[in-house]
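Letter by letter, the chains look like this.
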Amino acid sequence: MSKKVCFMLAHLDYTLDGLRSCLGLAVENMYSFAVVMKNQLPPLDDYNKENIDWIRDMEGDVFSTVPANCENEGLGSLTIEELGQKLREMDVIVPYGIMAE
């Protein structure tokens, strides 16, 4: 049975790597989602845009809590409240690249 996995990408330095990991789980027959939090992404190159498209093709999605990412990069929009609801639907939550301060 396929699991639902959500990658929470809070650190800008690890965001693109987290998207590749999200895609990797989608390829492994999991419903894989990613949420870019707190940081505005630099313009994405074709490689990373294609990765996002593949995640969507495999019934996952990529969201952001930052409106600029939604407008500039075509990511789905989520508020913090909506994120909380989405996390309740997940089997696994991965806080990817979150560094202790």
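Above this text is the structure in question.
Remember, it's a predicted structure, so these values are computed and weren't measured experimentally.

About the criteria used
Residues numbered from 1 in each chain as written. Predicted model: local features only at pLDDT ≥ 70, side-chain atom pairs only at ≥ 80, totals over all residues. Heavy atoms only, no water. Helix = DSSP H or I, 4+ residues; strand = E, 2+ residues; numbered from the N terminus. Contact = heavy atoms within 4.5 Å. Patch = residues over 30% accessible without salt bridge, like charges linked within 9 Å, V, L, I, M, F, W, Y side chains within 5 Å. Areas by Shrake-Rupley, 256 points an atom, 1.4 Å probe, with all protein chains shown as cover. Salt bridge = Lys/Arg side-chain N within 4 Å of Asp/Glu carboxyl O. Phe/Tyr/Trp six-rings, centres within 6.5 Å; stacked < 30°, edge-to-face > 60°. Lys NZ or Arg CZ within 6 Å of the ring centre and 35° of its normal. Disulfide = S-S within 2.5 Å. Buried < 20%, exposed > 50% of the residue type's maximum accessible area, 1.4 Å probe, protein only. Pairing = 2+ DSSP bridges. Axes fitted to C-alpha atoms, helices over the stretch in contact; angles between N-to-C directions.

**What to know about the environment of V94**
For step 1, the next point in the chain: Structurally, V94 can be placed in strand 5 (residues 92-96).
For step 2, the next point in the chain: When the C-alpha positions of V94 and C22 are compared, they lie 9.8 Å apart, and in sequence the two are 72 residues distant.
For step 3, the next point in the chain: Sequence-distant contacts of V94, that is, excluding residues within four places in its chain, are made with V5, C6, F7 and M8.

**Focus: a nonpolar patch on the surface**
For step 1, the next point in the chain: Where nonpolar side chains cluster on the molecular surface, the patch consists of V27, W54 and M58 and spans about 280 Å² of accessible area.
For step 2, the next point in the chain: With respect to the helices and strands, the residue W54 is situated in helix 2 (residues 46-57).

**With respect to the packing of aromatic side chains**
For step 1, the next point in the chain: One pass over the structure, following the stated rule, counts 1 aromatic pair.
For step 2, the next point in the chain: For K86, the ring lying beneath its charged end belongs to F33, and the centroid distance is 4.8 Å.

**A look at the state of the cysteines**
What is meant by a disulfide is a covalent connection between two cysteines, made through their sulfur atoms.
For step 1, the next point in the chain: On inspection of all chains with the given rule, the structure shows 0 disulfides.
For step 2, the next point in the chain: In this model C22 remains outside any disulfide bridge; the closest cysteine sulfur is found in C6, 7.9 Å from its own.
For step 3, the next point in the chain: Lacking any disulfide linkage, C70 is separated from the closest cysteine sulfur, that of C6, by 14 Å.

**Considering unusual backbone geometry**
For step 1, the next point in the chain: Despite not being glycine, K38 shows a phi value in the positive range, around 70 degrees.
For step 2, the next point in the chain: With respect to the helices, strands and loops of the structure, K38 is situated in the loop between strand 2 (31-36) and helix 2.
For step 3, the next point in the chain: Note on K38: relative accessible area 66%, which makes it exposed.

**Observations regarding the sheet that holds strand 2**
Through backbone hydrogen bonds, the strands of a sheet pair up, either in parallel or in antiparallel fashion.
For step 1, the next point in the chain: Taken in spatial order, the 5 strands line up as 4-3-2-1-5 in an open sheet, and their pairing is parallel. Looking at strand neighbours, the two that pair on one side only are strand 4 (76-77) and strand 5, the edges of this open sheet.
For step 2, the next point in the chain: In this sheet, strand 4 lies alongside strand 3 (residues 61-64) in parallel orientation, the contact comprising 2 bridges. Bridging across to strand 4, S64 finds its partner in S77.
For step 3, the next point in the chain: Sheet contacts for helix 2: strand 2, strand 3 and strand 4; angle to strand 3, the most-contacted strand, approximately 120 degrees.
For step 4, the next point in the chain: Running at roughly 145 degrees to strand 1 (residues 4-9), helix 4 (residues 80-88) makes contact with strand 1, strand 2, strand 3, strand 4 and strand 5 of the sheet.

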